[in-house]
Amino acid sequence: MRAEDFAKLREDLERELFSGARSVGILGLTDVALRLLDGLAVSGFIAAVGGIFTPSPEEPPITPHVPVLPMEGLSRANPDALVVASDEAKQDLLLAALPYIQGTPKVIVAGYGHLDFRDQVYDEERAQLLVPSLANGYPNSLPHLYQCLMNAARLDLQGVVAEFGMFKGGTTMFLSRVAERLGMSWPVIGFDSFAGFPPRRSPLDMYDHPDCVFTDLPAVRRYLNGRNVELVPGDIVETAARLEHEDVVVSFVDTDNYSSARAALEVVQERTVVGGAIVFDHFTGVDRFRYTIGERIAGLPLLDDSRYFHLHGTGVFYRQR
């Protein structure tokens, strides 16, 4: 929990105590719980704490003055206030406690970590990447790609996964590993010039940053060796036709510029199977990548294509019919 969020948590708790709350229950045997106890000891409210309630009560007590109890103990304790001693896990703790809460005690929470994307497979596969994915044009670019793959697997879609703009292959590896983890045989077909940004064909080819150029194709081949991955080096305007006869399950467009994104879209717009998706890294964003607007403009025709559904604020276009 961030320092400012902890300060708000403690402030709200002490406000309740000053307002007359006589008993407090702490949800979660966490570092945050320890810090709350330290603060309450200093302010003289430690006696109001009836216990720390946790789904794992077998853990030893933090202090002899505050018992650690199972969630079931809330039924007997019946505290006036409940403070959730976690940010990311607050939902899980509240759901575990809810069957045993009597009445409507004041519930005190802080932070917004519960809104972060959480998925065990996603976390595990991302942690395995030796080369990090740079699918970060907007905050949820990589989670949305993962969710599109998950949905395609649920629907048992058949075809290929395409990536336009590979850089060092971090996202390519992620796509390949997730496909394998989901038990799907989708090959990943990756497109990149591996020679820097192609010559500008349009005024909308505005992006050209040296940190986004990687020309060591043999290194990418070594990194992806043994994976179900096909590399298609060259200018995407000229190579996107490789997919003309493929059924595409999910495609990821991260070319930064208009001409290459438009060439990719001209193929995958027609070849994406129902239930699949086209995901743009730079269709939306938050105060970053000003000069990738060309990639967004290339994707605008999809907004008028009734076969695709788009939620504002995402780069995802879902093929619905």
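Residues numbered from 1 in each chain as written. Predicted model: local features only at pLDDT ≥ 70, side-chain atom pairs only at ≥ 80, totals over all residues. Heavy atoms only, no water.

This part is about the packing of aromatic side chains. Per the counting criterion, the structure on display carries twelve aromatic pairs. Ring geometry for tyrosine 146 and phenylalanine 174: centres 6.5 Å apart, planes at 50°, overall tilted. Placement of the pair is tyrosine 146 in helix H6 (residues 141–154) and phenylalanine 174 in helix H7 (residues 170–181), with a sequence separation of 28 residues. Take tyrosine 146 and phenylalanine 174: they sit in the same class, and that class is buried. (Phe/Tyr/Trp six-rings, centres within 6.5 Å; stacked < 30°, edge-to-face > 60°. Helix = DSSP H or I, 4+ residues; strand = E, 2+ residues; numbered from the N terminus. Buried < 20%, exposed > 50% of the residue type's maximum accessible area, 1.4 Å probe, protein only.)

Running from N to C, helix H5 (residues 120–127) and H6 point in directions that differ by 120°, and their axes come no closer than 11 Å. Accordingly, the angle class assigned to the pair H5 and H6 is oblique. Relative to H6, H5 is oriented so that their crossing is right-handed. Between H5 and H6, the residues in contact are Val121, Tyr122 and Arg126 and Leu142, Pro143 and Tyr146, respectively. Here the contact of H5 with H6 is built from residues that sort into five nonpolar, no polar and one charged. (Axes fitted to C-alpha atoms, helices over the stretch in contact; angles between N-to-C directions. Parallel < 35°, antiparallel > 145°, perpendicular 65-115°, else oblique. Left-handed = near helix turned anticlockwise from the far one by under 90°. Contact = heavy atoms within 4.5 Å. Nonpolar A, V, L, I, M, F, W, Y, C, P; charged D, E, K, R; others polar.)

Attention shifts here to helix H4 (residues 90–97). Taken together, the buried positions of H4 are occupied by Lys90, Leu93 and Ala97. For H4, the buried positions fall inside an angular range of 65° around the axis, keeping them on one side. Structurally, H4 contributes buried residues whose contacts are with strand S1 (24–27), helix H3 (74–77) and strand S4 (81–84). (Arc of directions from axis to C-beta.)

Bringing the sheet that holds strand S7 (residues 188–192) into the picture now. Reading across from one edge, S8-S7-S6-S9-S10-S12-S11 is the order of the seven strands in this open sheet, with mixed pairing throughout. Because the sheet does not close on itself, it has two edges, and the strands there are strand S8 (229–233) and strand S11 (308–310). When strand polarity is set aside, the average angle formed by the axes of neighbouring strands in this sheet is 15°. Across three bridges, strand S10 (residues 272–280) lies against strand S12 (residues 316–319) in antiparallel orientation. Following the sheet pairing, valine 279 is matched in S12 by valine 316. Of the strands in this sheet, strand S6 (160–164), strand S9 (248–253), S10 and S12 are in contact with H6, which crosses S9 at around 175°. Relative to S10, helix H10 (residues 258–271) is tilted by about 160°, and along the sheet it contacts S6, S9, S10, S11 and S12. (Pairing = 2+ DSSP bridges.)

The next point concerns the pairing of S12. As judged from the three bridges shared by S11 and S12, these two strands associate in the antiparallel manner. Paired with histidine 310 across the bridge in S12 is phenylalanine 317. Hairpin connection from S11 to S12: five residues lie between these consecutive antiparallel strands, with glycine 313 at a positive phi of about 90°.

Right, let's get into the nonpolar core. Within the largest apolar cluster, 38 residues are counted, with the highest numbers of intra-cluster contacts made by Leu145, Leu149, Phe174, Trp186, Leu224, Leu231 and Val279. Counting residues per element, the ones that place at least two in this core are H6, H7, helix H8 (217–223), S8, S9 and S10. If we skip the residues at most four places from it in the chain, leucine 149 touches Val161, Leu175, Val178, Leu182, Trp186 and Val250. (Core = buried A, V, L, I, M, F, W, Y, C linked by side-chain atoms within 4.5 Å.)

Let's shift gears to the side chain of arginine 319. Locating arginine 319 in the fold gives a position in strand S12. Glutamate 270 provides the closest opposite charge to the buried, unpaired arginine 319, separated from it by 6.1 Å. Polar side-chain contacts of arginine 319 include one of 2.7 Å to the backbone oxygen of threonine 272. Filtering out sequence-adjacent residues up to four positions away, arginine 319 remains in contact with Gln269, Glu270, Thr272, Val273, Val274, Gly275, Gly276, Arg307 and Tyr308. (Lys, Arg positive; Asp, Glu negative; His and termini not counted. Salt bridge = Lys/Arg side-chain N within 4 Å of Asp/Glu carboxyl O. Polar contact = N/O pair within 3.5 Å; in protein donor to acceptor, adjacent residues only side chain to side chain.)

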